[in-house]
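Here's the letter readout for the chains.
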Amino acid sequence: MITHLALLKKKAEYEQLLKVIQKYAAIYTDEMWSYLYAQSVSGAEALLAAEPVLDFISWDVTVKDALTALEKMRSFHRDAFLMVVADISVSPMAYLKPGIFPGALLMKPVNRQDLEQVMKDLFEVLTKRFDCGQADTFLVETREGKQYIPLGQIDYFEAKEKKIFVRTKSCEYGFYDALEALEDRLPAGFVRCHRSYIVNMKRARNLNLSEHVIVMADDVEVPFSRSYRKALKEYLKDE
């Protein structure tokens, strides 16, 4: 599943953009797509409150408070491909900077020819990122398609019901694998803490030794067994 979020002032602009995105999504990808749309920053923030895994963002910086919100949003969705939508009323210095780092720019008023060219160029870059496996993401393949999950959003992996489940703040995805094999493939920071769990210690807030749980940044509690207690304490000490 590839998720696209659009913040655009006018619905007609979004409908024009959506048609072209759907066209190139069908040409360049085999995955299913999910489309989220808001006309205001508050509407976009309501969609983002569920912390969806975003792959592609179209963000209209002419919307009220959109620039300020964009910098905040990018701190949480740094791995998503960003296309800034702007016009001559907004200085390029406001959005062409390291904290925002857009991958594409679409200027308004938008004509069909320019939109087609921007989308064609954008999808060529976007699909190369997927083809490379996205080093900072974890790939889950299901019957619905491929889901690239930023490693920084993962709380833990759990083995249950003969499957492995990867858990983020708001989503859970199941797939078939062995926890032992997964442990060998995951990067540093993912630590075995229980026979059924691998935890992302980079998202851990503290270790509750009396209750044998790891408290995560979003207050989720992950159990750990006594046999892994020493390794967890040593990891936290090294960090």
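Residues numbered from 1 in each chain as written. Predicted model: local features only at pLDDT ≥ 70, side-chain atom pairs only at ≥ 80, totals over all residues. Heavy atoms only, no water.

A. Representation of the pairing of strand E14 (residues 213-216) in the model. Residues Val 213 and Val 215 point to one face of E14 and Ile 214 and Met 216 to the other, with burial holding for every one of them. Judged from the four bridges that link them, strand E13 (residues 204-208) and E14 form a sheet pairing that is antiparallel. Following the sheet pairing, Asn 206 is matched in E14 by Val 215. The hairpin turn running from E13 into E14, its antiparallel successor, is four residues long, and His 212 in that turn takes a positive phi close to 55°. Pairing analysis gives three bridges linking E14 to strand E15 (residues 221-223), with the strands arranged antiparallel. Across the sheet, the residue bridging to Ile 214 is Val 222, located in E15. Between the end of E14 and the start of E15, which pair antiparallel, lie four residues, with Asp 219 showing a positive phi angle near 70°. (Buried < 20%, exposed > 50% of the residue type's maximum accessible area, 1.4 Å probe, protein only. Helix = DSSP H or I, 4+ residues; strand = E, 2+ residues; numbered from the N terminus. Pairing = 2+ DSSP bridges.)

B. Spatial organisation of the side chain of Arg 203. Among the structural elements, Arg 203 can be located in the loop between strand E12 (197-200) and E13. On the accessibility criterion, Arg 203 (16% relative accessible area) is buried. There is a polar contact of 3.1 Å between the side chain of Arg 203 and the side chain of Asp 218. If sequence neighbours within four positions are ignored, Arg 203 has contacts with Gly 152, Gln 153, Ile 154, Asp 155, Met 216, Ala 217 and Asp 218. (Polar contact = N/O pair within 3.5 Å; in protein donor to acceptor, adjacent residues only side chain to side chain. Contact = heavy atoms within 4.5 Å.)

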